[in-house]
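# Examination of the molecular architecture
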Amino acid sequence: DHHFGKDRPLAGKKALVSAGPTYEAIDPVRYIGNHSSGKMGYAIASQLLLLGAEVTLVSGPSGLVPPAGVNVVRVTSAAEMLAACQSHFPLSDITVMSAAVADYTPKAVADQKIKKADSHLTLELVKTTDILATLGKSKRNDQILVGFALETQDEETNAQDKLHRKNLDFIVLNSMRDEGAGFAGDTNKVTIIGKNGDKEVFGLKSKEEVAKDICSRVIRLLAP
Ligand code: CTP
Ligand code: CA
């Protein structure tokens, strides 16, 4: 039966993908956000689906159209993304966290629009919960957990540190040094580092091709 063969090697598997930015409210009309487009995560969701997985995509605010056939959970803030990911993780065989989650959020959301007053305004921010690290703590041996790392210095050391700290199977290091790489464009240049320290360096590719490389690695991990 080709549905369970080479064409659809992830048939019967459940996958969870996080994508896009998060928006952290400051007041009723303002937020702290970032330039993540969601393209990388949407491309991963699309590949996993093509390979036969049942895919849940937890997406922060993104203008992209989700791939048809994917179960989409729309969220806005880091706290909402955490709740959605935590509820789907226990049932997920393959989890890829590619969202650009805010590291800090305003300590309090003002009830009313903040009025312009003094020459300076200080906002107090508090750290958000690390979603990936939280999932890593409850990860079972039969689950695959993949994260990303965005670094501008000591890239491999920092990525390796995140890989171990968050209990991942492998981490996808995004190079910010190269032209055409990064989280807003259509292309990416990544290095995949495995938990045993092995390293795969890839050239500049479309995000679809990067998604295929990530999925190939997942399939290899699942193979007995
Ligand atoms: N991540 C997450 N929840 C957060 C912050 C990050 O799930 N609150 C995930 C991202 O989706 C990514 C990985 O953690 O898969 C690494 O994100 P990154 O921003 O590179 O690392 P941080 O651990 O946040 O550390 P820093 O930003 O200080 O480098
Ligand atoms: Ca971060």
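Residues numbered from 1 in each chain as written. Chains lettered and ligands numbered in written order. Predicted model: local features only at pLDDT ≥ 70, side-chain atom pairs only at ≥ 80, totals over all residues. Heavy atoms only, no water.

The next thing to look at is the side chain of S36. Mapping S36 onto the fold places it in the loop between β3 (30–32) and α1 (39–50). We classify S36 as buried; its relative accessible area is 12%. A polar atom in the side chain of S36 sits 3.5 Å from the backbone nitrogen of G38. (Helix = DSSP H or I, 4+ residues; strand = E, 2+ residues; numbered from the N terminus. Buried < 20%, exposed > 50% of the residue type's maximum accessible area, 1.4 Å probe, protein only. Polar contact = N/O pair within 3.5 Å; in protein donor to acceptor, adjacent residues only side chain to side chain.)

The next thing to look at is unusual backbone geometry. Its identity is not glycine, yet D154 carries a phi of approximately 40°, on the positive side. Position of D154 relative to the elements: it lies in the loop between β9 (144–151) and α4 (155–165). Positive phi values are uncommon outside glycine, yet N167 reaches one of about 60°. For N167, the location among the structural elements is in the loop between α4 and β10 (170–175). By relative accessible area, which is 38% here, N167 ends up partly exposed.

Taken from the UniProt record, the annotation "binding site: CTP" (unreviewed entry) applies to D103, K113, F148, K162 and K166. Look at the named residues: they lie 64 residues apart in sequence, and the longest C-alpha span between them is 37.5 Å, so in the fold they stay spread out. Inspection of the secondary structure puts D103 in the loop between β6 (94–97) and β7 (104–106). Apart from the residues within four sequence positions on either side, D103 is in contact with V126, K127 and T128. As for its placement among the helices and strands, K113 is situated in the loop between β7 and β8 (125–127). Apart from the residues within four sequence positions on either side, K113 is in contact with D27, P28, V29 and R30. (UniProt positions renumbered as here; feature names shortened; annotations may be inferred. Contact = heavy atoms within 4.5 Å.)

Closest axis-to-axis distance for the α1/helix α5 (residues 207–222) pair is 8 Å, and the angle between their directions is 55°. When the axis of α1 is compared with that of α5, the two are oblique. α5 is crossed by α1, and the crossing has right-handed handedness. For the pair formed by α1 and α5, the contact residues are K39, M40, A43, I44, Q47 and L48 on the first element and K207, E208, V210, A211, K212, I214 and C215 on the second. Partitioning the contact of α1 with α5 into residue classes produces eight nonpolar, one polar and four charged. (Axes fitted to C-alpha atoms, helices over the stretch in contact; angles between N-to-C directions. Parallel < 35°, antiparallel > 145°, perpendicular 65-115°, else oblique. Left-handed = near helix turned anticlockwise from the far one by under 90°. Nonpolar A, V, L, I, M, F, W, Y, C, P; charged D, E, K, R; others polar.)

Summed over the entire model, instances satisfying the criterion amount to 15 salt bridges. Here R30 ties to D27 by a salt bridge, and the two come within 2.5 Å at their closest N and O atoms. Using a relative accessible area of 34% as the deciding quantity, one classes R30 as partly exposed. E200 serves as the salt-bridge partner of R220, at 3.5 Å between the closest nitrogen and oxygen. Taken as a pair, R220 in helix α5 and E200 in strand β13 (residues 199–201) lie far apart in primary sequence, 20 residues in all. Among the ionic contacts, a cluster of salt bridges with common partners joins D198, E200, R217 and R220. (Salt bridge = Lys/Arg side-chain N within 4 Å of Asp/Glu carboxyl O.)

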